[in-house]
Amino acid sequence: MKAMFIYNPSSGKADAEQFKETTINVLEGLGYKVIIKETEKQNDATVFAKEACAEKIDFLLAMGGDGTINEVVNGLAEQLHRPLFSFIPLGTVNDFARALGIPLDPHLAIEAVKMSHTQMVDIGQIGDKYFMNIVAIGEIASRVAEATVEQKTKMGSLAYLLEGMKAIISDNEVEMTITHDSGIWKGTPLLLLVALTNSVGGFEKMINSAEVNDGKLHIYIIKQAGLTSIARMGAKILLGNLEKDNGVEMIETSSVLIESKKPLYCNVDGDEGDCTPLEIKVLPKHIKMLIPLKD
Ligand SMILES: Nc1ncnc2c1ncn2[C@@H]1O[C@H](COP(=O)(O)OP(=O)(O)OP(=O)(O)O)[C@@H](O)[C@H]1O
């Protein structure tokens, strides 16, 4: 059996070197012949993941933040042979790990690789790229991208909130048209979230109804609102019941076309994406993942 281990030495607090040997030992202990790949720059993880598919590797294990995992998923998405996949989270937010129940402590996540539970997981397609967690569209999304790496490392989820608040105060209205499975929505939302999982910006349970393999995109339309409503929504995000807020509308769909009066920037899995118009669809149960059994 062959495994490929892809790691990003710069992810999170640059801890990969510290965990590299233990991870390789665990893989070898499971009987794998291990091919080790260290990323040096953007897209390396995508190229390595494609190689793993071409070489019919049995198990692909990645170590890094959401950005690295997103690159791996982009490498796997279009290949015919897609190996069993899992990852050790080392980033600052780690939304995908939160949604899947992969331990955030790398020691525990490495131990969890010894378990044999597998699950098919949905991924999303946006234009010719892929994502596993969320697309955010609107002024807030642009602001989040402007949060510096230093801010994110120091404050984690708080950096997102802070930048979000600045965007709300700037109060920019853009009309959007959302064409989904069962109709068309028109309006001027503050923020649109298109989610595959329940974890956004480090807030687990933000999108309570989303399961990692339900075959659906969960669209949250956060409507234009004053600061008091935003504070109320903030509280609901923390409590995990945002969908019950009357400033929020929810649509479930398998695909969606998002258009806007002026081009709006989007944020894909925490990194800068393309501008509107955007076509997004779900690829149901597309990747087989090794993840801990949920209790
Ligand atoms: N050796 C390297 N040195 C510096 N940057 C790298 C290296 N290898 C890959 N990268 C870059 O790191 C990016 C991904 O970082 P990643 O998301 O894993 O960590 P993070 O930013 O700390 O985590 P998070 O996304 O949770 O904030 C890749 O898109 C790539 O551009």
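Note that the structure is a prediction, hence the values are computed from the model and not measured. (Residues numbered from 1 in each chain as written. Predicted model: local features only at pLDDT ≥ 70, side-chain atom pairs only at ≥ 80, totals over all residues. Heavy atoms only, no water.)

A. Geometry of the site of the ligand. Near the ligand, the surroundings consist of 18 residues, among which Ser-11, Gly-12, Thr-39, Thr-68 and Thr-92 are the closest. A distance of 3.1 Å separates an oxygen atom of the ligand from a polar atom in the side chain of Asn-8. Here an oxygen atom of the ligand sits 2.8 Å away from a polar atom, N or O, in the side chain of Glu-71. About the coverage of the ligand: the protein hides 73% of its 650 Å² of free accessible area. In terms of residue count, helix α3 (residues 66-76) provides more of the shell around the ligand than any other element does, four residues in total. (Near = heavy atom within 4 Å. Polar contact = N/O pair within 3.5 Å; in protein donor to acceptor, adjacent residues only side chain to side chain. Areas by Shrake-Rupley, 256 points an atom, 1.4 Å probe, with all protein chains shown as cover. Helix = DSSP H or I, 4+ residues; strand = E, 2+ residues; numbered from the N terminus.)

B. A look at the packing of helix α2 (residues 44-54) against α3. Here α2 crosses α3 at 40 degrees, and the two axes come no closer than 7 Å. When the axis of α2 is compared with that of α3, the two are oblique. You can see that α2 and α3 cross each other, and the crossing is right-handed. Residues Asp-44, Ala-45, Thr-46, Ala-49, Lys-50 and Cys-53 of α2 lie in contact with α3, whose contacting residues are Thr-68, Glu-71, Val-72, Asn-74, Gly-75 and Leu-76. Split into classes, the residues belonging to the contact of α2 with α3 amount to five nonpolar, four polar and three charged. (Axes fitted to C-alpha atoms, helices over the stretch in contact; angles between N-to-C directions. Parallel < 35°, antiparallel > 145°, perpendicular 65-115°, else oblique. Left-handed = near helix turned anticlockwise from the far one by under 90°. Contact = heavy atoms within 4.5 Å. Nonpolar A, V, L, I, M, F, W, Y, C, P; charged D, E, K, R; others polar.)

C. View of α2. Taken residue by residue, α2 has Asp-44, Ala-45, Thr-46, Phe-48, Ala-49, Ala-52 and Cys-53 as its buried positions. On its buried side, α2 packs onto β1 (2-7), β2 (33-38), β3 (59-64) and α3. Downstream of α2 by a residue or two, Lys-56 has a phi angle that is positive, lying close to 50 degrees. (Buried < 20%, exposed > 50% of the residue type's maximum accessible area, 1.4 Å probe, protein only.)

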